[in-house]
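# Notes for the structure review
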Amino acid sequence: DPAGLHVRFLGTHDSSRLASLAALDGRSGCRWPDGAGCSTLATATTDPAAYARIRRALAVLFTMPGIPFLYYGDELAMPGGGDPDNRRDMIWDGPLASVAMGTDTPTAAQTALREFVRDLGRARADHAALRRGRRITLVAESDVYVVAWAGETAGEIVLMLTTRGAGLAGRAIDGLTAGQLEGVTSFERVAGTGTVTRATSGNRLLVDLAAGEVGLFVAR
């Protein structure tokens, strides 16, 4: 329902932290260090595969119908188990460093993830199709997911593609009509990685995306 206002979320104060789940951290179910299998709590991940999982999950969240809800710190891959371990002090830096209650500072991987989330938020704010357009699933396979949002005017298309398996090299994508693609000559990437081009004839799109990655594109 394009008018739906349901809130979608991946993490809350009632669940284990997204980052620790994505890192497959066995301590993601711990609530406090009690000496019974949880002598230590989850720590921040440095695994690139975990960050890729988080990016894919957040991209899907921000391109679903409804309102995306982001639990504080998930944009920085903050670790944690169940309540109350999922309520650790926020990691502040830059102009807000003076209000930090802890001593942690973001790593390069964490700040890169935060910028990716900012890109997702900007895309939703800038493109009405993502908020109230027609959602069209183009590919739904076990390891490949491609969805388009078509706005009210011809050529108003936002495309999200992701793969958790092998990379996509020149993968052909069908499903959009000539009317929806009217006037479209190229696609600009607004978040993530990869490229999308329109085939020289017809309505087919050709996509390239590295293994495990995600990209968000706007028709131009």
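Not measured: the values here are computed from a predicted model.

## Remarks on the overall build of the protein chain
When its secondary structure is counted, the protein chain shows 4 helices and 10 strands. Start at the N end of the protein chain and walk to the C end: the helices and strands fall as β-α-α-β-α-α-β-β-β-β-β-β-β-β. Its C-alpha radius of gyration of 19 Å places the protein chain within 12% of the 17 Å reference for a compact globule of 220 residues. Counting only C-alpha atoms, the protein chain reaches 65 × 35 × 30 Å along its principal axes. Counting every position in the protein chain, which comprises 220 residues, the buried fraction comes to 43%. In the form shown here, the protein chain has an accessible surface area of approximately 10,900 Å², with 54% of it arising from carbon and sulfur atoms. The average position of the 23 basic charges and that of the 24 acidic charges among the side chains of the protein chain differ by 3 Å.

## Describing the pattern of salt bridges
Opposite charge on two side chains permits them to pair, given that their charged atoms come into close proximity. Throughout the structure, instances matching the rule amount to 13 salt bridges. Residue Arg118 is joined to Glu115 by a salt bridge in which the shortest nitrogen-to-oxygen separation is 3.2 Å. With a gap of 3 residues between them, Arg118 and Glu115 both fall in helix H3 (residues 108-126), about one helical turn apart. A salt bridge links Asp119 to Arg122, with the nearest nitrogen and oxygen atoms 2.9 Å apart. Of the two residues, Asp119 and Arg122 are both situated in helix H3; the distance of 3 residues between them amounts to about one turn of the helix. Residue Asp119 is classed as partly exposed on the basis of its relative accessible area of 22%. In the salt-bridge network here, residues are joined through shared partners; they are Glu115, Arg118, Asp119 and Arg122.

## Side note on a nonpolar patch on the surface
A contiguous nonpolar surface patch, about 500 Å² in accessible area, is contributed by Leu5, Val7, Phe9, Ile67 and Phe69. Elements with a minimum of two residues in the nonpolar patch: strand S1 (7-9) and strand S2 (67-69). Here Ile67 shows up in strand S2.

## What about the sheet that holds strand S5 (residues 157-163)?
Spatially, the 5 strands line up as an open sheet ordered S3-S4-S5-S10-S7, and their pairing is antiparallel. Each edge of the open sheet is held by one strand with a lone partner, namely strand S3 (134-140) and strand S7 (187-192). Direction aside, neighbouring strands of the sheet carry axes that sit 20° apart on average. With 5 bridges connecting them, S5 and strand S10 (residues 214-219) associate as antiparallel partners. From the neighbouring strand, Thr162 faces S10, where its bridge partner is Val214.

## Digging into the packing of helix H2 (residues 48-62) against H3
In contact at an axis separation of 10 Å, H2 and H3 are set at 15° when each is read in the N-to-C sense. With respect to H3, the axis of H2 lies roughly parallel. At the point where H2 passes H3, the crossing takes the right-handed sense. The residues of H3 that touch H2, namely those facing Tyr51, Ile54, Arg55, Leu58, Ala59 and Phe62, are Ala109, Gln110, Leu113, Phe116, Val117, Leu120, Gly121 and Arg124. Of the residues contributing to the contact of H2 with H3, the split by class is 10 nonpolar, 2 polar and 2 charged.

Criteria and cut-off values
- Residues numbered from 1 in each chain as written.
- Predicted model: local features only at pLDDT ≥ 70, side-chain atom pairs only at ≥ 80, totals over all residues.
- Heavy atoms only, no water.
- Helix = DSSP H or I, 4+ residues; strand = E, 2+ residues; numbered from the N terminus.
- Rg over C-alpha atoms; globule rule 2.2 N^0.38 Å.
- Buried < 20%, exposed > 50% of the residue type's maximum accessible area, 1.4 Å probe, protein only.
- Areas by Shrake-Rupley, 256 points an atom, 1.4 Å probe, with all protein chains shown as cover.
- Lys, Arg positive; Asp, Glu negative; His and termini not counted.
- Charge placed at Lys NZ, Arg CZ, Asp CG, Glu CD.
- Salt bridge = Lys/Arg side-chain N within 4 Å of Asp/Glu carboxyl O.
- Patch = residues over 30% accessible without salt bridge, like charges linked within 9 Å, V, L, I, M, F, W, Y side chains within 5 Å.
- Pairing = 2+ DSSP bridges.
- Axes fitted to C-alpha atoms, helices over the stretch in contact; angles between N-to-C directions.
- Parallel < 35°, antiparallel > 145°, perpendicular 65-115°, else oblique.
- Left-handed = near helix turned anticlockwise from the far one by under 90°.
- Contact = heavy atoms within 4.5 Å.
- Nonpolar A, V, L, I, M, F, W, Y, C, P; charged D, E, K, R; others polar.

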